[in-house]
Amino acid sequence: MNLSFQLYSSRNFQPWDKMLEALADNGYTQVEGYGDVFDDPAAFSKKLESLGLKMPSGHFSIEMLENDFDAALSIAKTFGMSHLYCPYLDEPDRPKDAAGWQEFAHRLSAIADKLEGEGIGFGWHNHNFEFEALADGQFPMTIILENAPNISWEADVAWIVVGGQDPFAWTEKYGNRISAIHIKDIAPEGENVDQDGWCDVGAGTMDWAELLNTVKSKTNARIFVLEHDNPADGFAFAKNSIQNINKF
């Protein structure tokens, strides 16, 4: 299990050179990119290579993939990415009913078709809103997966829990669609309010020992990304989390 690190976790702990060096020193072999590190792909890629780090996956907005596909493809190829994931929809852009989510799924499917022609996989990365039932009882996550059969899923397991759903049930049901997971942890209730309720992996309420067993045995995940949406100390999070996860 080659552990990756979502660089969004370190957006507030700069410069990047220092953070990347710390990741390599702590035993990471991979990172997952996002918009802010794509300004100069050649230079950033060179720095990763010098530290023995790879970037097999990255987060790209649906707006960029639809409206500036060539630029996104160039970035992906510069880093040697094998998988791209759309990570989010702002609330005003989220469909309100099943028909809207079906249409959104078709948009994702069209992107997947274009990337497949370039030998790159494509998927959706969830938050919690995909697990909030619509008026008809359907879940947006189900609609996305069933109406875009050619995309994969980067399952952010902790967000499934925040969405009030059972992560074991979802990862088992759609295991053949899961190409990557995000490994993050939820602090005990009332703790780490300044960190939006998240904490170091292995220090919270998520049963990552059992979850990883399920993911490894029931899914197609090959990319395992550690993440914290708002750490108090990005360096400590990176170090503590990989040490904890390696004990499982």
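Scroll up to find the structure this text is about.
Let us look at the structure shown here.

Quick look at the sheet that holds strand β1 (residues 3–6)
- One closed barrel accounts for eight strands, arranged β1-β2-β3-β4-β5-β6-β7-β10; its pairing is parallel. If you compare each strand with its neighbour and ignore which way they point, the axes differ by 30° on average.
- As paired strands, strand β7 (residues 178–183) and strand β10 (residues 223–226) are joined by four bridges and run parallel to one another. The residue bridging H182 from the neighbouring strand is V225, located in β10.
- Contacts between helix α9 (residues 208–218) and the sheet are confined to β7 and β10, with β7 contributing the most and set at about 170° to the helix.

Comments concerning the packing of helix α1 (residues 16–25) against helix α10 (residues 234–245)
- α10 packs onto α1 with a crossing angle of 15° between their chain directions and a minimal axis gap of 10 Å. Viewed along their axes, α1 and α10 adopt a mutual orientation that is roughly parallel. Here α1 runs over α10; the crossing is right-handed. Residues K18, M19, A22 and L23 of α1 form the contact with α10, whose participating residues are G234, F235 and A238.
- Residues of the contact of α1 with α10, tallied by class, amount to five nonpolar, one polar and one charged.

Overview of the pattern of salt bridges
- A complete count under the given rule lists seven salt bridges for this structure.
- For E21, the salt bridge goes to K47, with nearest N and O atoms at 3.3 Å. Of this pair, E21 sits in helix α1 while K47 sits in helix α2 (residues 41–50), placing them 26 residues apart in sequence.
- Counted as one network, the salt bridges with shared partners bring together D156, K184, E227 and D229.

As for the pairing of strand β2 (residues 30–33)
- Across the two faces of β2 the burial is the same, with Q30 and E32 and V31 and G33 all buried.
- With three bridges connecting them, β1 and β2 associate as parallel partners. Looking at the pairing, F5 lines up with V31 of β2.
- Crossover connection from β1 via α1 to parallel β2: handedness right-handed.
- Pairing geometry for β2 and strand β3 (residues 54–59), over three bridges, is parallel. By the bridge assignment for β3, G33 is matched with G58.
- One crossover worth recording links β2 to the parallel β3 by way of α2, and it is right-handed.

A few points about α1
- Of all the residues in α1, the buried ones are W16, M19, L20, A22 and L23. All buried residues of α1 fall inside an arc of 160° around its axis, so they share one side. Opposite its buried face, α1 presents the exposed residues K18 and D25, each directed more than 90 degrees away.
- Contacts from the buried residues of α1 go to β1, β2, α2 and α10.

What to know about unusual backbone geometry
- Cis geometry marks the peptide bond from Q14 to P15, where omega comes out at 10°.
- As for its position among the elements, P15 is in the loop between β1 and α1.
- Despite not being glycine, N192 shows a phi value in the positive range, around 55°.
- Along the chain, N192 falls in the loop between β8 (185–186) and β9 (198–199).
- The exposure class assigned to N192 is partly exposed, which follows from its relative accessible area of 25%.
- In the Ramachandran plot, D196 falls in the positive-phi region, its phi being about 60° despite a non-glycine side chain.
- Turning to its location among the elements, D196 is positioned in the loop between β8 and β9.

Cut-off values and rules
Residues numbered from 1 in each chain as written. Predicted model: local features only at pLDDT ≥ 70, side-chain atom pairs only at ≥ 80, totals over all residues. Heavy atoms only, no water. Pairing = 2+ DSSP bridges. Helix = DSSP H or I, 4+ residues; strand = E, 2+ residues; numbered from the N terminus. Axes fitted to C-alpha atoms, helices over the stretch in contact; angles between N-to-C directions. Contact = heavy atoms within 4.5 Å. Parallel < 35°, antiparallel > 145°, perpendicular 65-115°, else oblique. Left-handed = near helix turned anticlockwise from the far one by under 90°. Nonpolar A, V, L, I, M, F, W, Y, C, P; charged D, E, K, R; others polar. Salt bridge = Lys/Arg side-chain N within 4 Å of Asp/Glu carboxyl O. Buried < 20%, exposed > 50% of the residue type's maximum accessible area, 1.4 Å probe, protein only. Right-handed = clockwise from strand over helix to strand, strands pointing away. Arc of directions from axis to C-beta.

Geometric values such as these leave the question of function open.
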